[in-house]
Amino acid sequence: MDQVRLGIIGIGNMGSGHCRNILEGKCPDVKLAAIADIAEERRTFAKENYPTDVAIFSDGMELLDSGLVDAVIVAVPHYEHPKYVMAALSRGIHAMSEKPAGVYTKQVREMNEAAAQSDAIFAMMFNQRTDHIYRKMKEIVESGELGEIRRTSLIITNWYRPQAYYDSGAWRATWAGEGGGVLLNQCPHNLDYWQWICGMPKKVQAFMSFGKYHDIEVEDDVTAYVEYPNGATGTFVTTTGDCAGTNRFEINFDQGKLVSENGKLYMWKAECSEQEWSKNCTIPFGAPKLTMTEVETDGKSEQHVGVLNAFAGAILRGEPLVARGEEGINGLTLSNAMHLSAWLGKPVELPFDEDLYYEELKKRIATSRLKDHVVAAVADLADTYNTK
């Protein structure tokens, strides 16, 4: 094929953004072939704004069965990401999921197992992996130039949201509608690049507040502590309640550190490793000499367009993806572990008890603010994938 015939299931903020990028010619290997949305107003929007050859469906499954698409992007509410991805893969249709991969790891693990049985390509829309700063940080970490990681610190508190944001949809910030708050809605990208660059921890302990700054039932303030297999430690801090937020990522090594903030990347490099210096230094207050530089990058951050173009390139020419779909479980593991730790009031070892997590989540779904029929629909979705 010359182009990938793409369908987009769900044309809310993200889905319509992908449509716009394609129609503006930013993805030359992709043809927008079909969209699906259960909301009549969104279908009307599509009819009024998209070319007449773009097929419009009221149901995602109808789109998948239409024979009009080679691939799909799934941009529906979080709980249904695995449902449509698995349906696509089972039909031999390539699938990309918006973030997060799902709400709970047990559900996403089933999706990954289904992907392993399919010849179709499965990808995640982790656009922050295209950011020039994070790509450079990963390159430096993997090079070993600064030695082994000792500590990581990610403060991502520039996610401020007023109450009006949460009032804009009954499903927002509910256990039944989203499955979580700032961790599931705003932070999947941050959790992904944190583990992508630094690796997965072995233990998580989290402290979080539910509705601390807003009239919501899910978390809007989180502080988490992690331990890595090599003995390194890390912290992750996020909230939607800071009006003057921070976006700072710091990694300390045994021979220096990296700091990303305000669109810049800085490196401090010691003349030798800390252990070597400490062992040989004879001066009580001595410290190794450090050289600080601003790290040069290629400046490229192709974001959503870059991820979609890579997806099309993988389908047409076997080129590498930005993020394989199976990797979506990693960041979700971190957020699930943080929730479980906060709910139980104790540290959680990885891998954690996925059945226990799901039982705790169901308790919160049962008392969610969403109307009973919506809660029942979520329970039915769980039944579909044998996750009770």
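Data block above holds the structure.
These numbers were taken from a predicted model, which means no experiment stands behind them.

**Student:** Just to check I follow, could you spell out the overall build of the protein chain for this structure?
**Tutor:** Each helix and strand counted, the protein chain has 14 helices and 15 strands in total. Whereas a compact globule of 388 residues would reach a radius of gyration of roughly 21 Å, the protein chain reaches 22 Å, a difference of no more than 12%. Taken along the three principal axes of its C-alpha coordinates, the protein chain extends 75 × 50 × 40 Å. Each of the 388 residues in the protein chain was classed as buried or not, and the buried ones make up 54%. The contacts in the protein chain between residues at least 6 apart in sequence include a share of 70% that link residues at least 24 apart. Summing over all exposed atoms, the protein chain offers an accessible surface of approximately 17200 Å²; the carbon and sulfur share of this is 48%. Between the centroid of the 39 positive side chains of the protein chain and the centroid of its 54 negative side chains there is a distance of 3 Å.

**Student:** How should the pairing of strand β2 (residues 30-36) be read in this particular structure?
**Tutor:** If a strand is regular, its side chains alternate between the two faces of the sheet. Among the 7 residues in β2, 6 count as buried, and that is most of the element. Of the pairings in the sheet, the one linking strand β1 (residues 4-9) to β2 comprises 6 bridges and is parallel in character. Across the sheet, residue Leu6 finds its bridge partner in β2, namely Leu32. In the classification by handedness, the crossover that spans β1, the intervening helix α1 (residues 13-23) and the parallel β2 is right-handed. Relative to strand β3 (residues 55-57), β2 runs parallel, the two sharing 3 bridges. Bridge assignment links Ala34 to a residue of β3, and that residue is Ala55. Where the polypeptide runs from β2 across helix α2 (residues 40-49) and back to β3, its parallel neighbour, the crossover connection is right-handed.

**Student:** Teacher, can you tell me more about the pattern of salt bridges here?
**Tutor:** Opposite charge on two side chains permits pairing when their charged atoms draw close. For the structure shown, the criterion picks out 28 salt bridges. Across the pair Lys83 and Glu80 runs a salt bridge whose closest N-O atoms are separated by 3.5 Å. Judged by relative accessible area, Glu80 falls into the partly exposed class, the value being 27%. Three or more residues are tied together by salt bridges with common partners; here these are Asp29, Arg317 and Glu319.

**Student:** Where do I start with the sheet that holds strand β9 (residues 219-227) in this structure?
**Tutor:** The strands making up a sheet associate through hydrogen bonds between their backbones, and the pairing can be parallel or antiparallel. The strand order across the open sheet formed by 9 strands is β14-β13-β12-β11-β7-β10-β9-β8-β15, and the pairing between neighbours is mixed. The two strands at the open ends of the sheet, each matched to only one other strand, are β14 (290-294) and β15 (348-349). The sheet contact formed by strand β13 (residues 264-270) and β14 spans 5 bridges and is antiparallel. Residue pairing for β14: Tyr266 is matched across the bridge by Glu294.

**Student:** How should I be thinking about the packing of α1 against helix α11 (residues 303-317) in this particular structure?
**Tutor:** Helix-helix packing: each pair is described by the crossing angle between the helix axes and the interaxial distance. It is the contact of α1 with α11, at a shortest axis distance of 11 Å, that shows an interaxial angle of 75°. Classified by the interaxial angle, the pair formed by α1 and α11 is roughly perpendicular. Contacts between α1 and α11 involve Met14, His18, Asn21 and Ile22 from the first element and His304, Val305 and Leu308 from the second. In terms of residue class, the contact of α1 with α11 is made up of 4 nonpolar, 3 polar and no charged.

**Student:** For this particular structure, what's the right way to read the environment of His18?
**Tutor:** Structurally, His18 is set in helix α1. Apart from residues no more than four positions distant in its own chain, His18 is found in contact with Ile8, Ile73, Glu98, Met125 and His304.

Definitions and limits used
- Residues numbered from 1 in each chain as written.
- Predicted model: local features only at pLDDT ≥ 70, side-chain atom pairs only at ≥ 80, totals over all residues.
- Heavy atoms only, no water.
- Helix = DSSP H or I, 4+ residues; strand = E, 2+ residues; numbered from the N terminus.
- Rg over C-alpha atoms; globule rule 2.2 N^0.38 Å.
- Buried < 20%, exposed > 50% of the residue type's maximum accessible area, 1.4 Å probe, protein only.
- Contact = heavy atoms within 4.5 Å.
- Areas by Shrake-Rupley, 256 points an atom, 1.4 Å probe, with all protein chains shown as cover.
- Lys, Arg positive; Asp, Glu negative; His and termini not counted.
- Charge placed at Lys NZ, Arg CZ, Asp CG, Glu CD.
- Pairing = 2+ DSSP bridges.
- Right-handed = clockwise from strand over helix to strand, strands pointing away.
- Salt bridge = Lys/Arg side-chain N within 4 Å of Asp/Glu carboxyl O.
- Axes fitted to C-alpha atoms, helices over the stretch in contact; angles between N-to-C directions.
- Parallel < 35°, antiparallel > 145°, perpendicular 65-115°, else oblique.
- Nonpolar A, V, L, I, M, F, W, Y, C, P; charged D, E, K, R; others polar.

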